[in-house]
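Geometric and topological summary
Listed below, chain by chain, are the residues.
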Amino acid sequence: MLSVDLPPEPSSATRARTLARERLAASCSSDTLDTVALLVTELVTNAILHARTPLLLTLESQPGSLRICVEDKSNEQPAVRHYESDAVTGRGLALVEQLASSWGVDTTPSGKVVWCEVPTT
């Protein structure tokens, strides 16, 4: 459905969100589109901040859901962190955990894939 290589720079999060919205605009409700855009932004931003390697964003349509995958070249495993309410960072995976129906991390020979799924029905 969508597969795009992105460099590890801040503008990649904006580009990923825009591409996801454009690709899914005709096939998703506005609520689903907003959720997907937020999750894409969070996963790409986490890869930029923590992996600091080139990354691959993939959106895969599955029966009843959409799978968002961000692959990077780092072996560092992501973790949900709990910050104070006035912290300006650290909510990415907590948002993923709340908004996605499921999420996880798969190791690859060269790093990892962080993925989440969003219902589309």
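Shown above is the structure to which this text applies.
Thresholds applied
- Residues numbered from 1 in each chain as written.
- Predicted model: local features only at pLDDT ≥ 70, side-chain atom pairs only at ≥ 80, totals over all residues.
- Heavy atoms only, no water.
- Helix = DSSP H or I, 4+ residues; strand = E, 2+ residues; numbered from the N terminus.
- Buried < 20%, exposed > 50% of the residue type's maximum accessible area, 1.4 Å probe, protein only.
- Contact = heavy atoms within 4.5 Å.
- Polar contact = N/O pair within 3.5 Å; in protein donor to acceptor, adjacent residues only side chain to side chain.
- Phe/Tyr/Trp six-rings, centres within 6.5 Å; stacked < 30°, edge-to-face > 60°.
- Lys NZ or Arg CZ within 6 Å of the ring centre and 35° of its normal.
- Pairing = 2+ DSSP bridges.
- Axes fitted to C-alpha atoms, helices over the stretch in contact; angles between N-to-C directions.
- Left-handed = near helix turned anticlockwise from the far one by under 90°.
- Nonpolar A, V, L, I, M, F, W, Y, C, P; charged D, E, K, R; others polar.
- Core = buried A, V, L, I, M, F, W, Y, C linked by side-chain atoms within 4.5 Å.

Take Thr-41: it is sitting in helix H2 (residues 30-51). Residue class for Thr-41 comes out buried when judged on its relative accessible area of 13%. Linking Thr-41 and Ala-16, residues 25 residues apart in sequence, is a C-alpha distance of 6.9 Å. Sequence-distant contacts of Thr-41, that is, excluding residues within four places in its chain, are made with Ala-13 and Arg-17. For Thr-41, the side chain forms a polar contact with the main-chain oxygen of Ala-37, separated by 2.8 Å.

Moving on, we come to the packing of aromatic side chains. Enumeration according to the criterion identifies zero aromatic pairs in this entry. Above the plane of the ring of Trp-115 lies Arg-67, whose end atom (NZ or CZ) is 4.0 Å from the centre.

The element strand S5 (residues 111-119) is extensively covered by neighbouring structure, given that eight of its nine residues are classed as buried. Inspection of the sheet shows strand S3 (residues 65-72) paired to S5 by eight bridges, in the antiparallel sense. Bridge pairing links Arg-67 to Glu-117 in S5. Bridge analysis of strand S4 (residues 102-108) against S5 gives seven bridges, and the strand direction is antiparallel. Considered in S5, the bridge of Trp-103 is made with Cys-116. The turn joining S4 and S5, which pair antiparallel and follow one another in sequence, is formed by two residues.

For the rest of this paragraph, the subject is the packing of H2 against helix H3 (residues 92-99). Packing of H2 against H3 leaves a shortest axis separation of 9 Å and a crossing angle of 145 degrees. The way H2 lies across H3 gives a crossing that is left-handed. Facing H2, whose interface residues are Thr-35, Leu-38, Leu-39, Glu-42, Leu-43 and Asn-46, H3 presents Gly-92, Leu-93, Leu-95, Val-96 and Leu-99. Grouping the constituent residues of the contact of H2 with H3 by class yields seven nonpolar, three polar and one charged.

Bringing the nonpolar core into the picture now. Core analysis: the biggest nonpolar cluster contains 28 residues, and Val-36, Val-40, Leu-43, Val-44, Leu-57, Leu-59 and Ile-68 have the highest contact counts within it. When contributions to this core are tallied by element, the ones reaching two or more residues are strand S1 (2-6), helix H1 (11-24), H2, strand S2 (55-62), S3, H3 and S5. Counting residues per element, this core draws most heavily on H2, at eight residues. Residues within four places of Ile-68 in sequence aside, it is in contact with Val-36, Leu-39, Val-40, Leu-43, Leu-57, Thr-58, Leu-59, Val-114, Trp-115, Cys-116 and Val-118.

Another point: unusual backbone geometry. The phi dihedral of Arg-52 falls on the positive side, at around 55 degrees, and the residue is not glycine. Residue position: Arg-52 is located in the loop between H2 and S2. The exposed category is assigned to Arg-52, whose relative accessible area is 65%.

Quick look at the pairing of S1 now. Burial along S1 is one-sided: Leu-2, Val-4 and Leu-6 are buried, while Ser-3 and Asp-5, pointing the other way, are not. Of the strand pairs in this sheet, S1 and S2 are connected by five bridges, and their pairing is antiparallel. Its bridge partner lying in S2, Asp-5 is registered against Leu-56.

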